[in-house]
Amino acid sequence: MGKAKKPSYATVEDLDAARQELAAEAQRATEAGEKAARDVRNELLTELSKVSQVVTENAAISKEAVARVAEGAKTEAAARAEEVRAAVLARAGEVEEKGKKAQRQAEAQLQKVDADLRSLFADELVALTQQVDQELQALKEELTAGLESWGREAADALVKQRREVDSSIDELRKETARRHEAIERASTEEFGRVVGEQREVDEAQNDRNERAHSEIWLKLDRLDELIKENRAQAEERSDDVDARATARISQLRSDAEHRLDDLDLQSQKLHDAVAEVENIPTRRVDWVIRNVSKRLRPPSASRASLHCSWFSPKFDMAGAHGLQLELQLFKAADPPVEEEAAGDCAAFLWACKGMNLVYRLYIGNKSAQCEKIFNGRVPYGTKRLCFLKDQINREEDTLRVSVEVLEAVREVEHPIKPAPPPAEGVEETEEDLRNKPLEGRVVFRRHINNRLTDQVHKSVELMRSRMVRRVEWRLGRAALLRR
C-alpha cells in the first residue's frame, strides 16, 4: 500500500482573504442587480408612456373616424335617397308620357283605317251604281231606238202598201165595170194577205219585244244579284276588318294594361325602396299622445281584462317596416300582484316576421332595453315600467312613448323566377337543362347597428381602464368621521 497524502491546513490569513473576496463579490452582485432593476424600471416607464400616448392618439382618431363615418353615411344616404326619388319621378313621367303617346298613335291609326275603309266602300258603291245606271240608260236608249226604227219601218211598209192599194184602186176604178168582181175578190185576197202579213209582223214584233223585255229583266235581276253579292261581300269584309281591329285594340289594351300593372308594381317597389332608404338614418321615433288625462283611463272594475291597450300608427325606421307601438295601462288588482309596485303601464313593440331587433322602449323618462326575434303575431316589450301620472307633461297634458332601435337585422327573401316552359313541339336539350336557373330563393340579411359609437366609446373606456394601476379615495376631514 502507498503512503497517505498529508492534508493541508488553512491559516487565519487565508480565511480573512477568502472572507474579503466573498464580500467584494456580494457587493458587485448587489450593485449589478440594482443597476439592472433601474434599467428595467426606466424601460418600463418609457414603454408605458409610449403606450399611454398611443392609446390617447388612437382614442382621438377613433372619435374623429366615428364622427366622419356617421356624417358621411348620413350625407350619402340623403344623396342616394334624393337621386332615387328624382329617378323615380323622371321615370314615372316618361313612362306615363310614352303610354299616352302610344294610345294617341293607336287611336289615330284606327281612325285613319276606319276613314279609308269607309271612303273605299263608298267609292266602290258609287262606281257600281254609276255603272248600273249607265248600262240601264244604254239599254233604254237601245230599246227606244229599236222601237222607233221598227215603227218607221212599219209606217213605211204601210205607206207603200197604201200606195200600192191606191194604185190598184185607181186601176180597178178604170176597170170597174168589167173587172169589179175580180177586183173585189183580188182586193179581198190582197187585204187578207196584207192583214195576215201584218199580223205576222206584229206577232214577230211582239215576240221580239217580249224577248227584249225578258232579257232586260234578266239583266236587271242579275245586276240586282251582283249588287246584293257585292253588298254582302262588303259587309263581310267590313265585319272582318272590324273584328280584326277590335282584336288588335283588345290586344293592345291588354298589353298596355299588363305593362302599366308592371310599371305600377315597379313604381311601388321603388317607392318602398326609397321609403326604406329614407328611414335607415332614423334611430328613434316618439309617439306624443295629447290630452292624456282625458284619453288614457285604466279599465273599469266591471271589465274582466286587467289592462287597456292603445296603438300608435304604423311607421318605418332603421331599415324595418311595419312597426307599431302599444301602450298598456293596468288597473289595480284585487288582491295586489307582485309587480304592481313597479308601475301601472308598460310599452310593447310590434314588428314584421323575421325582424331581429335590439331596441329601447321609453315611457316618458323611464326606459328599458329589449331584444327579440319577431314572428309577426305577438309583440314584445317591457313589464310594468312606471306609473303613468309620474310621466305626464303637466304643462301640455302630453305623454311621450318612444322606441330607439340600437341594432336591427332583417331577412329579405327574393324568390328565383322559374324559366319559361319550352314551346310546343320543341324538346329541351341537355345544355338548356344545364343553363336553366335552379329553383329556390335568395335571402339577404340587412344589418344596421346604431350603437357602434357607444360600443367604440365603451371599448375606449375599457382600454383606458386597463392602464389604471392604482385608485385612491381621499376623504377630507377624516377625523370627523364616526368610528
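Each remark here, short or long, concerns the structure printed above.
Chemist: Sorry if this is basic, but what is going on with the overall build of the protein chain here?
Modeler: A tally of regular secondary structure across the protein chain gives 6 helices and 10 strands. Here the protein chain, with 483 residues, has 19% of them falling under the buried criterion. Of all intrachain contacts in the protein chain linking residues separated by at least 6 positions in sequence, the fraction that spans at least 24 positions is 67%. Carbon and sulfur atoms make up 53% of the accessible area of the protein chain, which amounts to about 38000 Å² in all.

Chemist: Honestly, the state of the cysteines in this entry has me stumped. Any pointers?
Modeler: Put plainly, a disulfide is one covalent bond tying together the sulfur atoms of two cysteines. Applying the stated criterion across every chain yields a total of 0 disulfides. Of all cysteine sulfurs in the structure, the one in C345 sits closest to C386, which takes part in no disulfide; the separation is 3.7 Å.

Chemist: Can you walk me through the nonpolar core in this structure?
Modeler: Generally speaking, nonpolar side chains in soluble globular proteins are found buried as a group. One finds L327, L349, L357 and V403 to be the most contacted residues of the largest nonpolar core, which totals 33 residues. Sorting the residues of this core by element identifies β1 (284–290), β3 (315–317), β4 (320–330), β5 (345–350), β6 (355–363) and β9 (398–415) as the ones contributing at least two each.

Chemist: Sorry, what's going on with unusual backbone geometry here?
Modeler: Negative phi characterises most residues that are not glycine, and trans characterises most peptide bonds. Residues other than glycine seldom take positive phi values, yet N291 does so here, at roughly 50°. If you trace the backbone, N291 turns up in the loop between β1 and α3 (292–295). Positive phi outside glycine occurs at D397, with the angle close to 55°. Mapped onto the secondary structure, D397 falls in the loop between α4 (388–391) and β9.

Chemist: Just checking my understanding: could you explain the packing of aromatic side chains for this structure?
Modeler: Aromatic rings in a pair are described by how distant their centres are and how their planes are angled relative to each other. This model, assessed by the stated rule, comprises 2 aromatic pairs. Over the ring of Y362 we find R284, and its NZ or CZ is 4.1 Å from the ring centre. Sitting above the plane of the F330 ring, R384 keeps its charged end 4.4 Å from the centroid.

Chemist: Explain a negative patch on the surface here, please?
Modeler: On the surface, E200, D202, E203, D207 and E210 cluster together to form a negatively charged patch. Mapped onto the elements of the fold, E203 is located in helix α2 (residues 176–279).

Chemist: I would appreciate a short explanation of the environment of A157 in the present structure.
Modeler: Along the chain, A157 falls in helix α1 (residues 12–174). Classification of A157 by relative accessible area gives partly exposed; the value is 31%. Separated by 41 residues in the primary sequence, A157 and Q198 have C-alpha atoms spaced 9.5 Å apart.

Chemist: How should the pattern of salt bridges be read in this particular structure?
Modeler: Where charged atoms from two side chains of opposite charge approach closely, those side chains can pair. Counted under the stated rule, the structure contains 12 salt bridges. Among the ionic pairs, R464 bridges to E461, the shortest N-O distance being 3.8 Å. Of this pair, R464 and E461 both sit in helix α6 (residues 452–466), 3 residues apart, roughly one helical turn. A residue is classified by how much of its surface remains accessible, and R464, at 41% relative accessible area, is partly exposed. Sharing partners across several salt bridges, the network here consists of E190, R193 and E197.

Chemist: Help me understand α2 in this model?
Modeler: Three- or four-residue spacings in an α-helix give side chains the same orientation, since the helix completes a turn every 3.6 residues. Between its terminal C-alpha atoms α2 stretches 144 Å, which fits the 154 Å expected from 104 residues at 1.5 Å a residue. If you look at α2, its biggest bend is around 40°, right at A182. Burial in α2 covers these residues: I183, V194, G196, Q205, N209, A212, I216, L223, V241, V274, E276 and N279.

Chemist: So what exactly am I meant to see when it comes to a nonpolar patch on the surface here?
Modeler: A surface patch of nonpolar side chains, amounting to about 220 Å² of accessible area, comprises I416, V442 and F444. Structurally, the position occupied by V442 is in strand β10 (residues 441–449).

Chemist: Would you take a moment to explain the side chain of E404 for this structure?
Modeler: By the secondary structure assignment, E404 is in strand β9. Apart from residues no more than four positions distant in its own chain, E404 is found in contact with R283, R284, V358, Y359, R360 and Y362.

Chemist: Hey, could you run me through the environment of N365 in this one?
Modeler: Turning to its location among the elements, N365 is positioned in the loop between β6 and β7 (366–373). Placed 35 residues apart in sequence, N365 and R400 show a C-alpha to C-alpha distance of 8.6 Å.

Chemist: Quick question: what am I supposed to make of the pairing of β6 here?
Modeler: Where a strand is regular, its side chains alternate between the two sheet faces. Most of β6 sits inside the fold, with 7 of its 9 residues counted as buried. Two strands pair when backbone bridges link them, and β6 and β9 are joined in this way by 9 bridges, in the antiparallel orientation. Within the sheet, the bridge partner assigned to Y362 lies in β9 and is S402. The pairing of β6 with β7 spans 8 bridges and is antiparallel. Residue pairing in the sheet places N356 in a bridge with I373 of β7. Here β6 hands over to β7 after 2 residues, with G364 in that stretch at a positive phi of 70°.

Conventions we followed
- Residues numbered from 1 in each chain as written.
- Predicted model: local features only at pLDDT ≥ 70, side-chain atom pairs only at ≥ 80, totals over all residues.
- Heavy atoms only, no water.
- Helix = DSSP H or I, 4+ residues; strand = E, 2+ residues; numbered from the N terminus.
- Buried < 20%, exposed > 50% of the residue type's maximum accessible area, 1.4 Å probe, protein only.
- Contact = heavy atoms within 4.5 Å.
- Areas by Shrake-Rupley, 256 points an atom, 1.4 Å probe, with all protein chains shown as cover.
- Disulfide = S-S within 2.5 Å.
- Core = buried A, V, L, I, M, F, W, Y, C linked by side-chain atoms within 4.5 Å.
- Phe/Tyr/Trp six-rings, centres within 6.5 Å; stacked < 30°, edge-to-face > 60°.
- Lys NZ or Arg CZ within 6 Å of the ring centre and 35° of its normal.
- Patch = residues over 30% accessible without salt bridge, like charges linked within 9 Å, V, L, I, M, F, W, Y side chains within 5 Å.
- Salt bridge = Lys/Arg side-chain N within 4 Å of Asp/Glu carboxyl O.
- Lys, Arg positive; Asp, Glu negative; His and termini not counted.
- Charge placed at Lys NZ, Arg CZ, Asp CG, Glu CD.
- Expected span 1.5 Å × (residues − 1).
- Bend = angle between axes of the 7 residues up to and from the residue.
- Pairing = 2+ DSSP bridges.

Take it as geometry only, folks, not as evidence of what the structure does.
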